[in-house]
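These are the residues of each chain, in order.
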Amino acid sequence: MKTLRLSNAATDIRRAADLLIKGGLVALPTETVYGLAADALNPEAAARIYEAKGRPSDNPLILHVANARMADQVAYTDHPLFEELTNAFWPGPLTLVLPKKADVPLATTGGLNTVAVRMPDHAVMQQVIALTNKPLAAPSANSSGKPSPTSAQHVLEDLDGIIDAVLDDGPCRIGVESTVVDLTGEAPIILRPGSITEEMIVAVVGPLQDVAGERVKHSPGTRYKHYSPKAHVAIANPEASTFFREPFAWIGSHSHPKAARSFILSNAHEYARDFYAILRECDRLNIPYIYVEPVEEIGVGKAVMDRVRRAAGIS
Ligand code: TXA
Ligand code: MG
């Protein structure tokens with residue numbers, strides 16, 4: 001199959017929507033990472049997402065909606081905190097896990113009777129959803145296990161020839177995937193940290209349930225190895241460099257004198273935005289070892305270190 005390259009021009013946005021209406025697979029930009037979209041209500045289209053990514057069929061997809069009516073079509077939204085959370089953070093990188101409605105095929109939810117829903121804060125993505133007039137299932141548009149794509153080029157590295165089209169609207173603003181919050185119980189539980197931080201959520205809804213509890217095991221995505229480049233990734237402080245294997249790339253707040261390449265990131269937001277792209281760049285340069293200076297685990301730093309640990313195979 002030839003994968004069409006689409007731009008953010010109105011005619012191409014229309015084309016992306018037409019492909020989706022016909023059951024096609026189109027990679028689309030969001031504020032977090034590029035997503036591999038399909039009509040969430042069409043079980044064959046959803047099945048094609050799993051096939052294209054090589055994704056385990058029990059790992060459920062996130063549904064992207066353009067408005068509250070669409071969220072109501074796919075999920076029960078009567079949780080007492082739903083309105084507070086969506087008023088505060090939608091459109092934006094907050095995904096809510098809710099009881100699913102019958103319209104959503106089990107092929108989309110990995111067989112679960114819950115469904116993950118978010119309203120992306122991205123003009124092109126919103127236009128495509130509105131034109132398609134269907135909720136769009138969209139996991140990150142990478143091959144399963146690879147770092148998530150933050151540009152159209154990254155999507156093509158993994159999925160060229162396998163999907164119908166990719167719509168290029170430049171690099172993603174945030175760079176880590178959305179915060180996933182389980183709203184099926186009384187108190188919300190953060191299943192995956194993101195740029196909507198625990199601190200921000202607590203400020204709106206009060207204390208959360210402890211994530212170390214049993215329920216976290218029910219978050220299917222947390223079972224799988226993630227975000228792994230070919231290179232070996234480790235967390236390290238610059239002073240420990242006598243133990244570094246060479247040649248290595250260094251990711252940190254200052255350049256490293258012994259590194260084959262240094263990637264300088266000055267704060268957690270820059271780590272979030274650039275980390276996946278740097279992992280891919282190191283693979284392209286055939287650099288076998290990557291050492292990452294840790295950031296403090298507050299605010300978005302928590303999501304950053306979650307992804308760094310996963311890339312390092314630690315969690
Ligand atoms: O920012 C994002 O969320 C990006 C963009 C494209 O929107 N999407 C994304 O999708 O990261 P994906 O498939 O790579 O990650 C979805 C996560 C997985 O960890 C999955 O297990 C979890 O959401 N998830 C989806 N539905 C769920 C459900 N019903 N219950 C629990 N976890 C669910
Ligand atoms: Mg993913």
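First, a word on scope: everything that follows refers to the structure included in this document. Computed from a prediction, not measured in an experiment: that's the story for all the values here.

Turning next to the packing of aromatic side chains. Following the criterion strictly, the structure yields 6 aromatic pairs and no others. Ring geometry for Phe248 against Tyr291: centres 5.5 Å apart, planes inclined by 80°, an arrangement best described as edge-to-face. Separated by 43 residues along the polypeptide, Phe248 in strand β12 (residues 248–252) and Tyr291 in strand β14 (residues 289–292) bring together distant segments of the chain. The interplanar angle of 45° and the centroid separation of 6.2 Å between the aromatic rings of Phe275 and Tyr276 together place this pair among those described as tilted. The exposure class of Phe275 is buried, given its relative accessible area of 4%. Three or more aromatic residues link up through ring pairs in this structure, and these residues are Phe244, Phe248, Trp250 and Tyr291. The ring of Tyr76 carries Lys101 above its face, with NZ or CZ at 5.0 Å from the centroid.

What follows covers the side chain of Lys100. Looking at where Lys100 falls in the secondary structure, it is placed in the loop between β5 (94–99) and β6 (114–118). Within the structure, the side chain of Lys100 is placed 2.5 Å from the backbone oxygen of Val104, a separation counted as a polar contact.

Within the largest apolar cluster, 61 residues are counted, with the highest numbers of intra-cluster contacts made by Leu28, Leu36, Leu85, Trp90, Leu94, Leu96 and Ile201. Discounting residues that sit within four places of it in the chain, Leu94 has contacts with Leu85, Phe89, Val117, Arg118, Ser178, Thr179, Val181, Ile196 and Ile201. The next biggest cluster of nonpolar side chains, apart from the first, holds 28 residues, and it includes Val176, Tyr227, Ala272 and Val308.

In terms of residue burial, β6 counts as a mostly covered element, since 5 of its 5 residues are buried. Side chains Thr114, Ala116 and Arg118 of β6 all project onto a buried face; the interleaved residues Val115 and Val117 project onto the opposite face, where all are buried too. Note that strand β4 (residues 62–64) and β6 share 3 bridges and pair parallel. What sits directly across from His64, in β6, is Arg118. In this sheet, β6 lies alongside β5 in antiparallel orientation, the contact comprising 4 bridges. Counted as the bridge partner of Pro99 is Thr114 from β6.

This brings us to the pattern of salt bridges. Overall, the coordinates contain 16 salt bridges when judged by the stated rule. Across the pair Arg118 and Glu31 runs a salt bridge whose closest N-O atoms are separated by 2.8 Å. Of the two residues, Arg118 sits in strand β6 while Glu31 sits in the loop between β2 (26–28) and β3 (35–39), which places them 87 residues apart along the sequence. Between Arg284 and Glu281 there is a salt bridge, and its shortest N-O distance comes to 3.2 Å. With Arg284 and Glu281 both in helix α8 (residues 268–284) and 3 residues apart, the pair spans about one turn of that helix. Under the relative-accessibility criterion, Arg284 is labelled exposed at 55%. Among the residues examined, Glu281 registers a relative accessible area of 22% and is labelled partly exposed. By sharing partners, the salt bridges in this structure join Glu177, Asp306, Arg307 and Arg310 into a single network.

The rules behind these values
- Residues numbered from 1 in each chain as written.
- Chains lettered and ligands numbered in written order.
- Predicted model: local features only at pLDDT ≥ 70, side-chain atom pairs only at ≥ 80, totals over all residues.
- Heavy atoms only, no water.
- Phe/Tyr/Trp six-rings, centres within 6.5 Å; stacked < 30°, edge-to-face > 60°.
- Helix = DSSP H or I, 4+ residues; strand = E, 2+ residues; numbered from the N terminus.
- Buried < 20%, exposed > 50% of the residue type's maximum accessible area, 1.4 Å probe, protein only.
- Lys NZ or Arg CZ within 6 Å of the ring centre and 35° of its normal.
- Polar contact = N/O pair within 3.5 Å; in protein donor to acceptor, adjacent residues only side chain to side chain.
- Core = buried A, V, L, I, M, F, W, Y, C linked by side-chain atoms within 4.5 Å.
- Contact = heavy atoms within 4.5 Å.
- Pairing = 2+ DSSP bridges.
- Salt bridge = Lys/Arg side-chain N within 4 Å of Asp/Glu carboxyl O.

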